[in-house]
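# Coordinates in review
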Amino acid sequence: MIYPSPDVQDNHDFSCPGVDGRRQKSTLYLTFCGQYFIDIPDRSTYTFFMIELNSVTKRYGSLAAVDNISFSVKTGEYFALLGPNGAGKTTIVKMLLDFTKPTAGSLSVNGLCCTDAASRNAVGYLAENYHIPPHLSGWQYLQRCAELLDISRSEATDQCRRIVELVGMQGREHTKTSTYSKGMIQRFGLGAALIGNPKLLILDEPTSGLDPIGIREIRQLLESLKNQGMTIFLNSHLLSEVEKICDNAAIINRGRLLVKDKISTLVKDSDTLEDVFVRFVKG
Amino acid sequence: MKMPKALSPIIKIAKYTLTDEVRQRSFVVMFVICVTFVFLMRGCYHGNYMVNGQELDAGAIVGSVSRATFHVIAVGMMLLTALFSMRVFRRDRDEGMQSSILSKPITRRQYVIGKVLGLWVLSAFFMFILHAIIFLTASITLKVVMPGYLVASLLCSFNLLFVVIAVLLFSLMMPDIAAFLCVMGIGIISFVADGIFAISHSSKAQAMMPQLGSQQDWTAWRVVYYLWPKLSGTQHFASSFIGSEGFPEYGSIYPLINILIYGLIFGALLFWRFRNEDII
């Protein structure tokens, strides 16, 4: 966990708040690159944020795509970032992956600053409108992704085989991706994101281009990952799916955070998440 | 032996760049055309050449033709390398490979080095094969071995490194075709400046100096000659190994140093520019 506070000292002993409210003695280390991290004796008793945004602003000229947004996502949480088109959802995802720099504020993933490439060690990413080089087959693409993560060849082959089954693409994995439909590319994209068993899955419109059966399969797949302790950060327009999968959600509009809460708290009585979304966005 | 951790992604990205480029149909077509052209050059070795009414001996013919072919291949490869390089970032972006690579624990610097390395190795290897065909033709058919020919090819590959870095840098700042034309412009000015410098140092030009223009004009050309990226100079330095015995004079190494310094400067600019680039 990064604590960029100038007050803390090198190798400083202090107490750290836990999920159960208790505090336990921990050690704060100052790394050579000026970042701090905590060594906590019993990690299981403490809250770790997989994602943290502190007063993040992103401006394109005079337009604020993201305007002073702060929130965090706990480890193991299924989190949905909701908002209309142009709300700033994809910009937040891009800042988390260091694809674009924030104008102000800081972001961390898995306790590391987003500018640190090591923060992406634990991240699987599925982009909106996913593309795969057309001259590669789905299998070759997955192998490449595994190679880039320094996974051994035999382990990569095992993982790729398992993932091809998981995303339901058996029998098509060795054909060129230029022959794939958008939905098939999306499935391979999700498969590529799952390579290396990431702790955090960042999904930008994962069901885009999928038919209803495909959407249902992806939802079931994401639900099954929940049991493995994976954290999911989901950008989606399919509010009914989000409602079924996610624990927490944040709604943003015009770069501003409107609300962040548990979905069970946001959706009351006969309301649906769609009603809540429309109510917040339309003010 | 285990590869250093920072080096591993660079090698992989270089490998992907290389294989993706070779898979392009345009690359295969270019390669076939170039190899055919070089094979056709064999005919030039068998002609009877007369200079001032005297027939040239085989050694002189081989030396001259090989040297001329060396320059044609080197210049042609600079052109082809610029063509290969200009679309690399855009293609990676369009095909989703850039975001796929950079969403992994790979730094932008590693990505850029991998791209540069892949393109450089590919173009240098391409040029080496063409030069090697000439080398083998001369060795097998005419029994004239020119070991300096392959050394010259390797030295000339530093020009290709400069072209790769420059085109990649410019392609981040302007349309691909403009980046290509800019680097070709740098090359043309380099060759023209070298030509003018050579002419200005000829005895005829020295005699005509007062009529040719003011001393200031020549000084401006000298500045361009020394400070401009010396693509032409490096090529001439490399070609001095062909048929020469021993190492060329020390002063002539300046073009190579010049091109390496420019490579470093442009490389630093490329890192800086790509660090601030938004990944789509």
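One can find the structure itself at the top, above this paragraph.
Residues numbered from 1 in each chain as written. Chains lettered and ligands numbered in written order. Predicted model: local features only at pLDDT ≥ 70, side-chain atom pairs only at ≥ 80, totals over all residues. Heavy atoms only, no water.

## What about the pairing of strand E7 (residues 104-109) of chain A?
Residues and elements named next belong to chain A. Pairing between strand E4 (residues 49-60) and E7: five bridges, direction antiparallel. Counted as the bridge partner of leucine 53 is leucine 107 from E7. As paired elements, E7 and strand E8 (residues 112-113) share two bridges and run antiparallel to each other. When the bridges of E8 are listed, serine 108 appears paired with cysteine 113. Here E7 hands over to E8 after two residues, with asparagine 110 in that stretch at a positive phi of 55 degrees. (Pairing = 2+ DSSP bridges. Helix = DSSP H or I, 4+ residues; strand = E, 2+ residues; numbered from the N terminus.)

## Some remarks on helix H1 (residues 7-23) of chain B
Between the first and last C-alpha of H1(B) there are 24 Å, a value that for 17 residues agrees with the 24 Å anticipated at 1.5 Å per step. B:Ser8, B:Pro9, B:Ile10, B:Lys12, B:Ile13, B:Ala14, B:Tyr16, B:Thr17, B:Asp20 and B:Glu21 are the residues of H1(B) that are buried. Here the buried face of H1(B) lies against helix H2 (138-148) of chain A together with helix H2 (25-40), helix H3 (58-86), helix H4 (88-94), helix H5 (97-102) and helix H6 (108-141) of chain B. (Expected span 1.5 Å × (residues − 1). Buried < 20%, exposed > 50% of the residue type's maximum accessible area, 1.4 Å probe, protein only. Contact = heavy atoms within 4.5 Å.)

## Quick word on the packing of aromatic side chains
Residue and element names in this part refer to chain B. Going through the model one piece at a time under the given rule, you end up with 25 aromatic pairs over all chains. Taken together, a centroid distance of 5.9 Å and an interplanar angle of 75 degrees make the contact between phenylalanine 197 and tyrosine 226 edge-to-face. Taken together, the residues phenylalanine 197 in helix H8 (residues 176-200) and tyrosine 226 in helix H10 (residues 215-227) connect sequence positions 29 residues apart. For phenylalanine 197, a relative accessible area of 14% translates into the label buried. Geometrically, the ring pair formed by phenylalanine 237 and phenylalanine 241 is edge-to-face, given 5.6 Å between the ring centres and 90 degrees between the ring planes. (Phe/Tyr/Trp six-rings, centres within 6.5 Å; stacked < 30°, edge-to-face > 60°.)

## Some details on the side chain of B:Ser239
All names here are of chain B. Take serine 239: it is sitting in helix H11 (residues 231-239). Within the local environment of serine 239, its side chain forms a polar contact with the backbone oxygen of histidine 236, the two atoms lying 2.9 Å apart. Setting aside residues up to four positions removed in sequence, serine 239 forms contacts with Arg67, Phe70, His71 and Ala152. (Polar contact = N/O pair within 3.5 Å; in protein donor to acceptor, adjacent residues only side chain to side chain.)

## Considering the nonpolar core
A:Ile92, A:Leu96 and A:Phe233 are the most contacted members of the largest nonpolar core, which totals 155 residues. Top contributing element to this core by residue count: helix H7 (residues 147-173) of chain B, with 17 residues. (Core = buried A, V, L, I, M, F, W, Y, C linked by side-chain atoms within 4.5 Å.)

## Quick look at the environment of A:Phe49
All names here are of chain A. Turning to its location among the elements, phenylalanine 49 is positioned in strand E4. With relative accessibility at 26%, the residue phenylalanine 49 sits in the partly exposed group. A sequence separation of 28 residues divides phenylalanine 49 from glutamate 77, and the C-alpha atoms of the two residues are 9.4 Å apart.

Worth remembering: the numbers are spatial, not functional.
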